[in-house]
Amino acid sequence: EKSKINAMPMFPPRKLTGYPVSLAVLDFGLFTVHANGRIIGIPGFLIETSTGEKILIDTGFPEKYAKDVKAASLEDNLGEFGEILELTYENQPAAQLAKLGVNKDDLDFVIISHTHIDHVGNIDGFPGVPIIMGKEERELERPIYWRGKKPLEWPAAEYLLIDSDYEFGTNFKILHVPGHTPGELSILLTLPETGSILLTSDAISRESEISEGCLDATDPAQAIASANRILDLAKSKNAYVIYGHGPEQWKELRKAPEIYN
């Protein structure tokens, strides 16, 4: 059995028992985009709650890139888009989580913001952990991955599917923001000291993307509408916005083992 999706309701009634108390930014590598020379970080996140729940957001590039980045890039034709500048086993989920004293068995949920190669690469690496993702994306035969290449299978897991904004718990909202991909998700949370934070993921990869027309999106018009909606929401909450791949912002973000709380 590769999936339990057909046996489950749209989104099983699962809620966090606690509220977010810390956010860690995980460093899944560094990439340069050929077209404009933009150097971008590949982020993941770990959120911990007041009751000790641990939620991983995104899983980075597949492990084959840590093993042999040149061979993996060639296999996926990644060079037609850009080049990985930094990606070793230290930029894989296990090593990044270890910086925080966390291992894979400690996780309560994995959220996949969308299924592009740099977010979904280790989706099969968390057996027994429920996976939260967009309904539209999970309904695809396989993860989107990269420009028509679809080598990944859906792992056997409990899938919790989002097709509208969802109050996952106190101060933790999962936003359904299609456009960049059909099932793109963003996260809005509030921490005790930092306050509200919007994790846009690739709904807004960088601050200038909306004015540039969200041209990398599956549906640019939908992407612009989703991006404007969540920015309005962030403004109403006075939220700190962490973009999906902001070149300048990446240099400034605290990385694990440092945290926001």
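Residues numbered from 1 in each chain as written. Predicted model: local features only at pLDDT ≥ 70, side-chain atom pairs only at ≥ 80, totals over all residues. Heavy atoms only, no water.

Asks: Pulling in residues and values, what's your account of the layout of surface pockets?
Replies: Looking at the largest pocket, its volume works out to about 480 Å³. Around the largest pocket, the lining is made up of 23 residues, and of these Phe81, His116, Trp146, His180 and Asp202 lie nearest the centre. Contributions of two or more residues to the lining of the largest pocket are made by β1 (20-33), β2 (39-49) and α4 (117-120). Within the lining of the largest pocket, the residues separate by chemical class into eleven nonpolar, five polar and seven charged. (1 Å grid on protein atoms, 1.4 Å probe; cavity = no way out; pocket = protein on both sides within 12 Å on 5 of 7 lines; lining within 4 Å. Points joined across faces, edges and corners; volume = space filled by probe spheres on them. Helix = DSSP H or I, 4+ residues; strand = E, 2+ residues; numbered from the N terminus. Nonpolar A, V, L, I, M, F, W, Y, C, P; charged D, E, K, R; others polar.)

Asks: An account of the pattern of salt bridges is needed here, citing residue identities and associated values.
Replies: Working definition: two side chains of opposite charge can pair if their charged atoms are close together. Under the defined criterion, the tally for this structure stands at eleven salt bridges. Here arginine 14 and glutamate 158 are joined by a salt bridge, their closest N and O atoms 2.7 Å apart. On the criterion of sequence distance, the pair formed by arginine 14 in the segment before β1 and glutamate 158 in the loop between α5 (135-138) and β7 (159-162) is long-range, its members being 144 residues apart. Exposure remark for glutamate 158: the relative accessible area of 26% places this residue in the partly exposed category. (Salt bridge = Lys/Arg side-chain N within 4 Å of Asp/Glu carboxyl O. Buried < 20%, exposed > 50% of the residue type's maximum accessible area, 1.4 Å probe, protein only.)

Asks: Can you explain the packing of aromatic side chains? Please cite residues and give values.
Replies: Scanning the entire structure with this criterion turns up nine aromatic pairs. Ring geometry for phenylalanine 31 versus phenylalanine 61: centroids 6.4 Å apart, planes at 20°, classification stacked. Remark: phenylalanine 61 occurs in the loop between β3 (54-57) and α1 (63-67) and phenylalanine 31 occurs in strand β1; sequence separation between them is 30 residues. Here phenylalanine 31 and phenylalanine 61 have matching classes, each one buried. Among the aromatic residues, ring-to-ring pairing joins Phe31, Phe61, Tyr65, Phe81 and Trp146 into one connected group. (Phe/Tyr/Trp six-rings, centres within 6.5 Å; stacked < 30°, edge-to-face > 60°.)

Asks: Describe the nonpolar core, and please don't skip the residues or the numbers.
Replies: If you look at the biggest cluster of nonpolar residues, it comprises 37 residues, and the most contacted ones within it are Phe31, Phe61, Tyr65 and Leu107. Counting residues per element, the ones that place at least two in this core are β1, β2, α1, α4, β6 (131-134) and β7. It is β1 that provides the largest number of residues to this core, a total of five residues. Discounting chain neighbours no more than four positions away, the residues touching phenylalanine 61 are Phe31, Ile42, Leu78, Ile84, Leu87, Gln92, Ile117, Asp118, Gly121 and Asn122. Judged by nonpolar contacts, the second largest core, of 26 residues, contains Ile57, Leu185, Leu189 and Trp250. (Core = buried A, V, L, I, M, F, W, Y, C linked by side-chain atoms within 4.5 Å. Contact = heavy atoms within 4.5 Å.)

Asks: Mind laying out the environment of glutamine 222, listing which residues take part and the relevant values?
Replies: As for its placement among the helices and strands, glutamine 222 is situated in helix α7 (residues 220-236). With relative accessibility at 33%, the residue glutamine 222 sits in the partly exposed group. Between the alpha carbons of glutamine 222 and isoleucine 47 there is a distance of 28 Å; along the sequence they are 175 residues apart. Setting aside chain neighbours within four positions, we find glutamine 222 in contact with Pro178 and Gly179.

Asks: Please set out the sheet that holds strand β9 (residues 172-176) residue by residue, giving values where relevant.
Replies: Strand order in this open sheet of five strands is β8-β9-β10-β11-β12, and the pairing throughout is mixed. The open sheet is flanked by β8 (166-169) and β12 (240-243), the only strands paired with a single partner. Strand after strand, the sheet turns through a mean of 20° between neighbouring axes, direction not considered. In this sheet, β12 lies alongside strand β11 (residues 195-201) in parallel orientation, the contact comprising four bridges. Along β12, the bridge assignment pairs leucine 199 with isoleucine 242. (Pairing = 2+ DSSP bridges. Axes fitted to C-alpha atoms, helices over the stretch in contact; angles between N-to-C directions.)

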